[in-house]
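Fold and geometry: a report
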Amino acid sequence: MSIELTWKDSGFEPEEVRARRAAAQAELARLWSGELHFTGWVKDPVEFDDEKIEELEKTAKEIREKCDVFLVLGVGGSFMGAKAVIDLLAPEEADTEVLFAGYNFSARYVKELLRKIEGKDLCLCVISKSGSTTETLSAYGIFKEWMLRKYGAEETARRTYVVTEHRSNFLFDEATAEGAAIFDLALDIGGRYSVLTPVGLLPIAVAGIDIQAIMEGARAWTSQEAFSEDGLDYAILRQMYYEQGKRIEVYEFFDPYAAYFGEWLKQLFGESEGKDGKGLFPASLMFSRDLHSMGQFLQQGTPSFFETFVTAAETRDDIGIPEIAMKPFAGKTIQQINACAEKGVYDAHVKAGIPALSIRIGQFDARTVGELLYYFETQCAVSALLSGVDPFNQPGVEAYKKEMRGYIDEL
Ligand code: PA5
């Protein structure tokens, strides 16, 4: 396993953390016991066997053969994980472009997409656990109509791939009636814990990323033993910061392609933990860009936060800075400079007394990203359980949906 958590600059003593390990292990045991609702994701990487992965890969190959664009419609947990992984790992040359919509109400965004797909062959992927989410379903109507005009009803159904629960809802019923392909999202897996199911894996496979390797990475963590002893220290430290009065966790990345991984983390932790008047507000920053905007606040602003560096020792690309460049940058590589930025920021912040955690991997590749996805899901669930909240509901999200629906009905 390649995830390394370092907390030597956390501000906490080893014995304080050690004293809490038994409580964290007890929450992990509850996750594995099956007694909590929506914990299907816990064992899913081992239960979602190679046969199911091969089926997804076969479908992805067919899609790549017939489509220039695979348009994924979904919001929240129904798209963020796939987008995070594709942004990080998509191969340079891809036969099929994977695009996302149905996660906003921007007419300009939809119109630009309609212009972009003109003259191209399209496949549509509609992902919604409930099968009735406003963003997703309104976008579905628009792009389905486009497909019907171009391909007719039968071919549109052949080009439509739905991921939803296997029970009656608008999306499931319509896809069943029309003969579109349906992939099941298990009833006991919630949206933000679904990236390692067809919700995330189908778009990721279409993008040409090795989903077998992703699942191998996830499976390496899919046991209670994998998180034994110091394995839950990240969840423990988060709660210690909260008790100490910290209210914000800032995830810090040094790779712009990890920006959506930050969005995925924000959704996972924010929606799981932010309830009953509790929770750390998850924020994410992209360095070095944000060193020139938020760097000042981090260094000297209100000390209400701690930092979690999420970094890789190696990167997939590098490029030299030519000799004509300004000294001392000439002759170095961009990644060498990036590594100096990473060390420099860490040292400067620690010297300023900002508590810091570091989560480091060797490189962002399919296996390590699979590890990270499952690792963070478990840490998040345990962290929320330690704080006494239910990680798997989202009553606040439902409240806004209800209010909005009232206004839509009045239109
Ligand atoms: O994590 C969650 O449960 C949410 O973010 C959902 O994924 C989001 O609201 C979309 O819901 P649905 O998949 O039902 O369209």
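Residues numbered from 1 in each chain as written. Predicted model: local features only at pLDDT ≥ 70, side-chain atom pairs only at ≥ 80, totals over all residues. Heavy atoms only, no water.

Before going further, it helps to spend a moment on empty space enclosed by the protein. Under the definition given, this model contains 1 cavity of 30 Å³ or more. Within this model, the largest cavity holds a volume of roughly 40 Å³. Taken together, Trp41, Asp44, Pro45, Tyr193, Leu196, Thr197 and Glu377 form the lining of the largest cavity. Class assignment for the residues of the lining of the largest cavity results in 4 nonpolar, 1 polar and 2 charged. (1 Å grid on protein atoms, 1.4 Å probe; cavity = no way out; pocket = protein on both sides within 12 Å on 5 of 7 lines; lining within 4 Å. Points joined across faces, edges and corners; volume = space filled by probe spheres on them. Nonpolar A, V, L, I, M, F, W, Y, C, P; charged D, E, K, R; others polar.)

So, on to the site of the ligand. Looking at the ligand, there are 14 residues lining it, with Ser78, Ser128, Ser130, Thr133 and Gln267 nearest. Note that an oxygen atom of the ligand is positioned 2.9 Å from one of the backbone N or O atoms of Arg192. Between the ligand and Glu271 there is a distance of 2.9 Å, counted from an oxygen atom to a side-chain nitrogen or oxygen. Burial of the ligand by the protein chains amounts to 90% of its free accessible area of 390 Å². Broken down by class, the residue content of the shell around the ligand amounts to 1 nonpolar, 9 polar and 4 charged. Inspection of the shell around the ligand shows a minimum of three residues originating in each of domain 1 (4-34 + 222-396) and domain 2 (44-212). (Near = heavy atom within 4 Å. Polar contact = N/O pair within 3.5 Å; in protein donor to acceptor, adjacent residues only side chain to side chain. Areas by Shrake-Rupley, 256 points an atom, 1.4 Å probe, with all protein chains shown as cover. Domains from an automatic or database assignment.)

One open sheet accounts for 5 strands, arranged β1-β10-β9-β7-β8; its pairing is mixed. Sheet topology places β1 (4-6) and β8 (281-286) at the edges, where each strand pairs with a single neighbour. Strand after strand, the sheet turns through a mean of 20 degrees between neighbouring axes, direction not considered. Alignment of strand β9 (residues 305-314) against strand β10 (residues 356-363), held across 7 bridges, turns out to be parallel. Within β10, the position partnered with Thr308 by the bridge is Leu357. Seen against the sheet, helix α11 (residues 233-244) touches β1, β7 (248-253), β9 and β10 and runs at an angle of roughly 155 degrees to β10. The strands touched by helix α12 (residues 259-273) within the sheet are β7 and β8, with β8 carrying the most contacts at an inclination of about 175 degrees. (Pairing = 2+ DSSP bridges. Helix = DSSP H or I, 4+ residues; strand = E, 2+ residues; numbered from the N terminus. Axes fitted to C-alpha atoms, helices over the stretch in contact; angles between N-to-C directions. Contact = heavy atoms within 4.5 Å.)

Between Phe287 and the following residue, Ser288, the backbone shows a cis peptide bond with an omega angle of 15 degrees. Even without a glycine there, the phi angle at Phe38 is positive, about 55 degrees. With respect to the element layout, Phe38 can be found in the loop between α2 (21-33) and α3 (40-47). The backbone phi angle of Asp276 is positive, close to 55 degrees, even though this residue is not glycine. With respect to the helices and strands, Asp276 occurs in the loop between α12 and β8.

Pairing in this open sheet of 5 strands is parallel, and the strands run β3-β2-β4-β5-β6 from one edge to the other. Single-partner strands in this sheet number two, and they are β3 (97-101) and β6 (181-184). Averaged over neighbouring strand pairs, the angle between their axes works out to 20 degrees when direction is ignored. Across 5 bridges, the pairing between strand β2 (residues 69-73) and strand β4 (residues 122-127) is parallel.

With that settled, the discussion passes to the nonpolar core. By size, the foremost hydrophobic cluster in this structure holds 94 residues, and its most contacted members are Leu31, Phe70, Phe261, Trp264 and Phe376. For this core, the leading source of residues is helix α15 (residues 366-386), giving 11 residues. Residue assignment places this core across two domains, with domain 1 (4-34 + 222-396) and domain 2 (44-212) each supplying three or more. (Core = buried A, V, L, I, M, F, W, Y, C linked by side-chain atoms within 4.5 Å. Buried < 20%, exposed > 50% of the residue type's maximum accessible area, 1.4 Å probe, protein only.)

What follows is about the environment of Ile142. Looking at the element boundaries, Ile142 is found in helix α7 (residues 134-158). When its relative accessible area of 37% is taken as the criterion, Ile142 is described as partly exposed. The spacing of Ile142 and Val110 is 32 residues in sequence and 8.6 Å in space, taken between C-alpha atoms. Setting aside its immediate chain neighbours within four residues, Ile142 contacts Val110 and Leu114.

What follows is about a negative patch on the surface. Together, Asp49, Glu51, Glu54 and Glu55 make up a region of like negative charge exposed at the surface. Relative to the assigned elements, Asp49 resides in the loop between α3 and α4 (50-66). (Patch = residues over 30% accessible without salt bridge, like charges linked within 9 Å, V, L, I, M, F, W, Y side chains within 5 Å. Salt bridge = Lys/Arg side-chain N within 4 Å of Asp/Glu carboxyl O. Lys, Arg positive; Asp, Glu negative; His and termini not counted. Charge placed at Lys NZ, Arg CZ, Asp CG, Glu CD.)

The subject of this paragraph is the side chain of Glu377. With respect to the element layout, Glu377 can be found in helix α15. We note that Glu377 is buried and unpaired, the nearest opposite charge coming from Arg192 at a distance of 9.4 Å.

Taken as a whole and judged by the stated rule, the model has 28 aromatic pairs. Here Trp221 and Tyr375 contribute two aromatic rings whose centre-to-centre distance is 5.1 Å and whose plane-to-plane angle is 70 degrees, an arrangement assigned as edge-to-face. Of this pair, Trp221 sits in helix α10 (residues 211-221) while Tyr375 sits in helix α15, placing them 154 residues apart in sequence. Both residues of the pair, Trp221 and Tyr375, count as buried. One cation-aromatic arrangement involves Arg159 over Tyr151; the distance from NZ or CZ to the ring centre is 4.2 Å. If you follow Arg247 out to its NZ or CZ, it ends over the ring of Tyr242, 4.1 Å from the centre. (Phe/Tyr/Trp six-rings, centres within 6.5 Å; stacked < 30°, edge-to-face > 60°. Lys NZ or Arg CZ within 6 Å of the ring centre and 35° of its normal.)

If you walk through the whole model with that rule in mind, you get 1 disulfide. Shown here is the disulfide that connects Cys67 with Cys123, its sulfur atoms set 1.9 Å apart. Residue Cys67 is found in the loop between α4 and β2, and its partner Cys123 is found in strand β4; the two are separated by 56 residues along the sequence. Note on accessibility: Cys67 and Cys123 belong to one class, buried. Here Cys125 is not cross-linked by a disulfide; its sulfur's nearest cysteine counterpart is in Cys123, at 9.6 Å. Among the residues examined, Cys125 registers a relative accessible area of 0% and is labelled buried. (Disulfide = S-S within 2.5 Å.)

Structural measurements only, silent on function.
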